[in-house]
Amino acid sequence: MDKLVIEGGKPLSGTIVIQGAKNAALPILAASLLVDGKVTIDHVPRLLDIDVMLNILRDLGCRAEHTGETVMLDTSGANSSHVPEALMRQMRSSIFLMGPLLARFGEVTIYQPGGCAIGERKIDLHLQGLIALGAQIEEEGSRIICYSKRLRGAEVHLDFPSVGATENIMMAAVLAEGFTTISNAAREPEIQDLQRFLNTMGAKIIGAGTDTITIEGVERLTPCRYQVIPDRIVTGTVMVAAAATRGQVTLQNTNPAHLTSLIHVLRRAGVQITVDGDIIKVGSAIRPKAIDRIVTSPYPAFPTDLQSQVMVLLALADGVSIMKETIFEGRFKHVDELSRMGADIRVDLNAAIVRGVPRLYGATVEATDLRAGAALVIAGLAAHGKTVVEQVHHIDRGYARIESMLGRLGARIKRHSPVPNDSIIIP
Ligand SMILES: CC(=O)N[C@H]1[C@@H](OP(=O)(O)OP(=O)(O)OC[C@H]2O[C@@H](n3ccc(=O)[nH]c3=O)[C@H](O)[C@@H]2O)O[C@H](CO)[C@@H](O)[C@@H]1O
Ligand SMILES: C=C(OP(=O)(O)O)C(=O)O
């Protein structure tokens, strides 16, 4: 397993270009199955989760090439509606195949998806939405078989604005007969990106970005070329890293409008932020101020995917902060690891009480999930001494070579890969 070795204490400085959004690219790649033909998607980041999605599409009979940051997909050979369990278990986003495969083939067999252990992560809202569109569902252990000759538009109300359920239902409804309305829909920017992509192919969807999405079913879609939005969570991660190391960083290819809640939080902590078009500049020379209360909630509120990274800044702040996590019940696993680095954090149910300390110290820590891993990297950059972050594969799910990205900003960070057995020479 790869490790990251970080020599901390150096302020980040310089300019970087932000990668395309994982959470937009994954449903868009799955949605490509709704069209028969060649689709080109630009600005697709080179990540483990993207590799898994492309492998699933190949397994279903598609041709897929990822060159630079462009994916060329030919879905005309798709001949299977069965996603093997081993592939389903490699990531949560394998669930995005359910809606498009059902719409294309009238049936789909999938298994409970895998992914980071950050909570229970049921799929009941996805299934309820598809049932409302007329699908029948049989569950046997972890296997789920879903079928319907022709889906019909319906009114779908989500008990919670689930991002994935909103996207799966949108994708299933695009080729359904008649109108579908999703109320209490999630409003994340990645849902707007999915709407733009599907509409570019001829779908008729309005409302993404609000809590009511309406889809008028169409007979067929036509292939297109499309560019994915910038990754707001990677942008936020680098912004927090710049602030935690008291550096000066310019981020290009961002969408500041997607980061309003983070910008507000960082400014309250005393971080200087300027925004100019798609450029964000972050600078900080002083110790951050504590923030009495941050609560993670669905967009446009503060994102759960930035909770662990911001906690590192609060761990170094002057005063006591409270971070409340309302989306995932298991998303405080970084706390134990940060404590090993000298942080003073107490968890009480879904709230973390963070007493800022003047400095963190390097230690060997373990990335337990994607964003927890990113937080530990930020802590390592800000800490005194050497930090080793283990289980880097979690971080590789969402950051394209994080050590290269941060290295361009002057970070002293190196990846250590285990020596393959056959290259060890025994004297
Ligand atoms: C690929 C992608 O876009 N991933 C994002 C997506 O995940 P994901 O789409 O999985 O997140 P959801 O919005 O669905 O989940 C939010 C909450 O709803 C619960 N839930 C969800 C579905 C369901 O059928 N039943 C149910 O109970 C989940 O357990 C969780 O507690 O949104 C999350 C919340 O912003 C982000 O952290 C993830 O980075
Ligand atoms: C939780 C995340 O992703 P996923 O839903 O793919 O597990 C994330 O991106 O932080």
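By the naming in an unreviewed UniProt entry, the protein chain is UDP-N-acetylglucosamine 1-carboxyvinyltransferase, taken from Paenibacillus mendelii. As stated in UniProt under Catalytic activity (unreviewed entry), the record for the protein chain gives "phosphoenolpyruvate + UDP-N-acetyl-alpha-D-glucosamine = UDP-N-acetyl-3-O-(1-carboxyvinyl)-alpha-D-glucosamine + phosphate".

(A) Representation of the environment of Arg150 in the model. Here Arg150 is to be found in the loop between strand E8 (143-147) and strand E9 (155-157). Separated by 25 residues in the primary sequence, Arg150 and Leu175 place their C-alpha atoms 8.7 Å from one another.

(B) Quick look at the UniProt feature "binding site: phosphoenolpyruvate" (unreviewed entry) in the protein chain. Under the feature "binding site: phosphoenolpyruvate" (unreviewed entry), the UniProt entry names Lys22 and Asn23. Once you skip the residues sitting within four places of it in the chain, Lys22 turns out to touch Pro45, Leu47, Asp49, Asp231 and Gly398. Judged by the 25 C-beta atoms lying within 10 Å of it, Asn23 is buried.

(C) Just the sheet that holds strand E18 (residues 320-324), in detail. If you walk across this open sheet you meet the four strands as E17-E18-E20-E19, and the pairing is mixed. The two strands at the open ends of the sheet, each matched to only one other strand, are strand E17 (294-295) and strand E19 (344-348). Inspection of the sheet shows E17 paired to E18 by two bridges, in the parallel sense. Paired with Ile294 across the two strands is Met323, which belongs to E18.

(D) Representation of the environment of Ala285 within the structure. Assignment of secondary structure puts Ala285 in the loop between strand E16 (279-283) and E17. Given 11 C-beta atoms within a 10 Å radius, Ala285 is considered exposed.

(E) Representation of the site of ligand 1 in the model. Within the structure, ligand 1 sits among 23 residues, and Asn23, Leu125, Ser162, Val163 and Gly164 are positioned closest to it. Sorting the residues of the shell around ligand 1 by element identifies helix H1 (22-31), helix H5 (124-132) and helix H6 (163-173) as the ones contributing at least two each. Of the residues belonging to the shell around ligand 1, the class tally is nine nonpolar, seven polar and seven charged. Composition of the shell around ligand 1 by domain shows at least three residues from each of domain 1 (3-19 + 230-416) and domain 2 (22-227).

(F) Main features of unusual backbone geometry. Cis geometry is found at the peptide bond from Tyr299 to Pro300, where omega equals 15°. Position of Pro300 relative to the elements: it lies in the loop between E17 and helix H10 (307-315). Residues other than glycine seldom take positive phi values, yet Leu349 does so here, at roughly 55°. On the secondary structure map, Leu349 appears in the loop between E19 and strand E20 (351-355). Residue classification places Leu349 among the exposed residues on the basis of 9 C-beta atoms within 10 Å.

(G) Just the domain arrangement of the protein chain, in detail. Under the domain assignment, the protein chain is made up of domain 1 (3-19 + 230-416) and domain 2 (22-227). A straight line from the C-alpha centre of domain 1 to that of domain 2 covers 30 Å. If you look at the interface, domain 1 gives 19 residues, while domain 2 gives 16 residues. No other element matches helix H13 (residues 393-396), which puts three residues into the side of domain 1 that touches domain 2. Taken together, the residues of the side of domain 1 that touches domain 2 sort by class into six nonpolar, six polar and seven charged.

(H) Spotlight on the nonpolar core. Counting 75 residues, the largest nonpolar core has Val312 and Ile378 as its most contacted members. Look past the residues within four positions of Val312 in its chain and what remains in contact with it is Val240, Ala244, Leu338, Ala375, Ile378, Ala379 and Ala382. Val35, Ile41, Leu60 and Leu87 belong to the second largest nonpolar core, which has 72 residues in total.

(I) Layout of H10. Across the nine residues of H10, nine count as buried, placing the element largely inside the fold. Along H10, the residues that are buried comprise Gln307, Ser308, Gln309, Val310, Met311, Val312, Leu313, Leu314 and Ala315.

What counts and what doesn't
Residues numbered from 1 in each chain as written. Chains lettered and ligands numbered in written order. Predicted model: local features only at pLDDT ≥ 70, side-chain atom pairs only at ≥ 80, totals over all residues. UniProt positions renumbered as here; feature names shortened; annotations may be inferred. Helix = DSSP H or I, 4+ residues; strand = E, 2+ residues; numbered from the N terminus. Contact = placed C-beta atoms within 7 Å. Buried ≥ 20, exposed ≤ 12 C-beta atoms within 10 Å, placed from the backbone. Pairing = 2+ DSSP bridges. Near = placed C-beta within 6 Å. Nonpolar A, V, L, I, M, F, W, Y, C, P; charged D, E, K, R; others polar. Domains from an automatic or database assignment. Core = buried A, V, L, I, M, F, W, Y, C linked by C-beta atoms within 7 Å.

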